Amino acid sequence: MGLPVSVHVRGPTAQGPEVEAAVEALFDALRADDALFSTWKADSEVSRIRRGERLLADADPRVRHVAALCEEAARRTGGSFDAWLPGADGVRVFDPTGLVKGWAVEQAAGDLVRRLGELGGHDVLVSAGGDVLVHCERTDTPDWRVAIEDPRDRSRTLLTVPLRRGAVATSGTAARGEHILDPATGAAPSGLLSATVIGPELTWADVYATAAFVRGADALSWLSGLPGHAGVVVSTDGTVRTTSE
Amino acid sequence: MRRVVVGAMGTVSGLVLLFSYHTSLGGSALASGTTAGGTTTGAGSDGSASTRTPTQSSSGSSSSSGSSSSSDDSSGSSSSSAPSTSSSSSSSSSSSGKSSSSKSSSGSSGTYTGQSVDTRWGPVQVQITVKNGKITAAQAVVFPQENPRDQEINSFAVPQLNSEAVQAQSGNIDAVSGATVTSGGYIQSLQSAVDQAHLS
């Protein structure tokens, strides 16, 4: 994936060897999922599937599980999120990258939280390529403070959300240019600089942020209709709006 | 005796004020002074009361950074971890909440556990160390509460994004959510600065 990942742990044994081992296990899990899913790796399961060398039905259970999640994601977003996108020749091929990004981190972080649970009360924050996931077990610690980047100036932030459990995912063009395609048109969407979703699970926060970005103009009203989630959208003219208005 | 009690109360209010002030970048005032508080009571006690030294858990936090396998940007995978200066609060499960003291023959010296005071963080009990009648160290102990309200604290609640607390730019940031950044772009990113601050 090429995503920079940082893990922050606070609690009674945060600097000890068990925590270090648990964090290493998180990085190992992400590398293992990268080996399965990366479209940049010629020998990954997903690359084989895309070349027609392997059937999805015969793939690793994790890949099949992700494919099922992608179908659910298309259903929940009315097709705005779609893992079967047109390739260079216009033929639709499987690309779960948008969902795997948040899902892999959520899986690995869940395992980390379980391991930390055996070591007493700890809090965790995982930052992965723009996605943030937090989990507090302690009740005597301050909230984690997760800021939302200003897509017009990446050294600035728009607002800061206090969070004890949950995830923040942002979709936009600020970092990599036009890499998100609208499944309906096959072209890059316009109308928003970024869309951020805050919710209980990173997998779905990521999916909804991607879908909102693709939707553009009606992103905010669509996000407002999602129970248990909050959203922030930045228009191309720089206006910032949230679902709390 | 009275001077010690007045001193303890003064310290409690000073420490309570500290709780509501967040230090920069993930640290919290609860972290101050986490030395082992286990100094024994002064010799020569009349045995009128016993002091309680709560078990002190050594606390701290660590941060690790790394990147997963490379994509089109040639970035190696490495992970590094270093101890961080931002430490979390200490906690204990001591049950007694009464003030107590004992004296040694050389004047007031020893460790005293003060009265429990209710704050918005929960009940706070202060432990002070006194040498020759002067308070040389003061430490607050926050007891985690095992009640349903604590579970509420850690359950996901949809944040109110138009609240003043969210809109205010306070500079105390633990992480930044932005559009996907690759390892190459990470170096210049705000998240990178935040991570480095945690690690240094």
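Residues numbered from 1 in each chain as written. Chains lettered and ligands numbered in written order. Predicted model: local features only at pLDDT ≥ 70, side-chain atom pairs only at ≥ 80, totals over all residues. Heavy atoms only, no water.

A closer look at the overall build of chain B
(1) Moving on: For chain B, the helix and strand inventory stands at five helices and six strands.
(2) Moving on: Starting at the N terminus and ending at the C terminus, chain B contains elements arranged as α-β-β-β-β-β-α-α-β-α-α.
(3) Moving on: Expressed as a percentage of the 200 residues in chain B, the buried residues total 44%.
(4) Moving on: With an accessible surface of roughly 10,300 Å², chain B has 53% of that area assigned to carbon and sulfur atoms. (Helix = DSSP H or I, 4+ residues; strand = E, 2+ residues; numbered from the N terminus. Buried < 20%, exposed > 50% of the residue type's maximum accessible area, 1.4 Å probe, protein only. Areas by Shrake-Rupley, 256 points an atom, 1.4 Å probe, with all protein chains shown as cover.)

Some points on the overall build of chain A
(1) Moving on: Helix and strand counts for chain A stand at six helices and eleven strands.
(2) Moving on: Going through the 245 residues of chain A one by one, you find that 56% of them count as buried.
(3) Moving on: Restricting the contact set of chain A to residue pairs at least 6 apart, pairs at least 24 apart contribute 57%. (Contact = heavy atoms within 4.5 Å.)

Observations regarding the side chain of A:Ser244
(1) Moving on: Within the secondary structure, A:Ser244 is located in the segment after strand E11 (240-242).
(2) Moving on: A distance of 2.8 Å separates a polar atom in the side chain of A:Ser244 from the backbone nitrogen of B:Leu161.
(3) Moving on: The residues contacting A:Ser244, other than those within four sequence positions of it, are B:Pro159, B:Gln160, B:Leu161 and B:Asn162. (Polar contact = N/O pair within 3.5 Å; in protein donor to acceptor, adjacent residues only side chain to side chain.)

Focus: the sheet that holds strand E6 (residues 144-150) of chain A
(1) Moving on: In spatial order, the strands read E7(A)-E6(A)-E6(B); together these three strands make up an open sheet with mixed pairing. A single partner strand is all that each edge strand has here, and the edge strands are strand E7 (153-163) of chain A together with strand E6 (175-177) of chain B. With strand direction ignored, the average angle separating the axes of adjacent strands in the sheet is 35°.
(2) Moving on: Looking at chain direction, E6(A) and E6(B) are connected through three bridges and run parallel. Bridged to A:Val146 within E6(B) is B:Ala175. (Pairing = 2+ DSSP bridges. Axes fitted to C-alpha atoms, helices over the stretch in contact; angles between N-to-C directions.)

Brief notes about the nonpolar core
(1) Moving on: Formed by 57 residues in total, the largest nonpolar core has its most connected members in A:Val7, A:Leu26 and A:Leu99.
(2) Moving on: Judged by nonpolar contacts, the second largest core, of 19 residues, contains A:Val132, A:Val134, A:Trp144 and A:Ile148. (Core = buried A, V, L, I, M, F, W, Y, C linked by side-chain atoms within 4.5 Å.)

Points about helix H5 (residues 202-215) of chain A
(1) Moving on: Taking 1.5 Å as the rise per residue, H5(A) with 14 residues should run 20 Å; its terminal C-alpha atoms sit 20 Å apart, in good agreement.
(2) Moving on: For H5(A), the tally of buried residues reaches 13 of 14 residues, placing the bulk of the element in the interior. (Expected span 1.5 Å × (residues − 1).)

Some words on the packing of aromatic side chains
Residue and element names in this part refer to chain A.
(1) Moving on: Applying the stated criterion across every chain, the model contains four aromatic pairs over all chains.
(2) Moving on: Ring centres of Trp204 and Tyr208 lie 5.8 Å apart, and the angle between their planes is 35°; this geometry places the pair in the tilted category. Highlighted residues: Trp204 and Tyr208, both in helix H5, separated by four residues, approximately one helical turn.
(3) Moving on: We classify Tyr208 as buried; its relative accessible area is 5%.
(4) Moving on: Each residue in the set Trp204, Tyr208 and Trp222 is aromatic and connected to the rest through ring pairs, giving one cluster.
(5) Moving on: For the cation-ring pair, Arg10 lies above Trp144, with the distance from its terminal atom to the ring centre recorded as 3.8 Å. (Phe/Tyr/Trp six-rings, centres within 6.5 Å; stacked < 30°, edge-to-face > 60°. Lys NZ or Arg CZ within 6 Å of the ring centre and 35° of its normal.)

Let's talk about the pairing of E6(A)
Residues and elements named next belong to chain A.
(1) Moving on: For E6, the buried fraction is high: seven of the seven residues fall into the buried class.
(2) Moving on: Across seven bridges, E6 lies against E7 in antiparallel orientation. Residue pairing for E7: Glu149 is matched across the bridge by Thr157.
(3) Moving on: The loop that links E6 with its antiparallel partner E7 comprises two residues.

So, the packing of helix H4 (residues 97-117) of chain A against H5(A)
All names here are of chain A.
(1) Moving on: Viewed as axis vectors pointing N to C, H4 and H5 meet at an angle of 160°, and their least axial separation amounts to 7 Å. Overall, the two elements H4 and H5 adopt an arrangement that is roughly antiparallel. As H4 runs across H5, the sense of the crossing is right-handed. Taken together, the residues of H5 that come into contact with H4 (itself represented by Gly98, Leu99, Lys101, Gly102, Trp103, Val105 and Glu106) are Leu202, Thr203, Asp206 and Val207. (Parallel < 35°, antiparallel > 145°, perpendicular 65-115°, else oblique. Left-handed = near helix turned anticlockwise from the far one by under 90°.)

Some thoughts on the packing of helix H3 (residues 61-76) of chain A against H5(A)
All names here are of chain A.
(1) Moving on: It is at 11 Å that the axes of H3 and H5 come closest, and there the two elements cross at 50°. Compared by their axis directions, H3 and H5 come out oblique. For the pair H3 and H5, the sense of crossing is right-handed. Contacts between H3 and H5 involve Leu69, Glu72, Ala73 and Arg76 from the former and Trp204, Val207 and Tyr208 from the latter.
(2) Moving on: Partitioned by chemical class, the residues of the contact of H3 with H5 number five nonpolar, no polar and two charged. (Nonpolar A, V, L, I, M, F, W, Y, C, P; charged D, E, K, R; others polar.)

A few points about the environment of A:Ser155
Residue and element names in this part refer to chain A.
(1) Moving on: The topology assignment puts Ser155 in strand E7.
(2) Moving on: Classification of Ser155 as exposed rests on a relative accessible area of 51%.
(3) Moving on: Reaching out from Ser155, the side chain makes a polar contact with the side chain of Asp153 at a distance of 2.7 Å.

Here's the deal with the environment of A:Ala209
All names here are of chain A.
(1) Moving on: When you line up the elements, Ala209 lands in helix H5.
(2) Moving on: A C-alpha to C-alpha distance of 8.8 Å links Ala209 and Leu223, two positions 14 residues apart in sequence.
(3) Moving on: Beyond its immediate stretch of four places on either side in the chain, Ala209 contacts Ala169, Thr170, Ser171, Ala195 and Val197.

Remarks on the environment of A:Glu201
Residue and element names in this part refer to chain A.
(1) Moving on: Along the polypeptide, Glu201 turns up in the loop between strand E9 (192-199) and H5.
(2) Moving on: In this structure, the C-alpha to C-alpha distance between Glu201 and Ala169, residues 32 residues apart in sequence, is 9.8 Å.
(3) Moving on: In contact with Glu201, other than residues within four places in its own chain, are Glu106 and Ala167.

Looking at the confidence of the model for chain B
Residues and elements named next belong to chain B.
(1) Moving on: Per-residue pLDDT for chain B averages 53, and the proportion of residues at 70 or more is 25%.
(2) Moving on: Of the regions scoring below 50 in pLDDT, residues 1-61 engages in 130 contacts with residues more than four places distant in sequence or in other chains.
(3) Moving on: Below a pLDDT of 50 lies the segment residues 66-106, which in the model reaches 142 contacts outside its immediate sequence neighbourhood of four places, other chains included.
(4) Moving on: Predicted complex metrics record ipTM = 0.89 and pTM = 0.67. (pLDDT = per-residue confidence, 0-100.)

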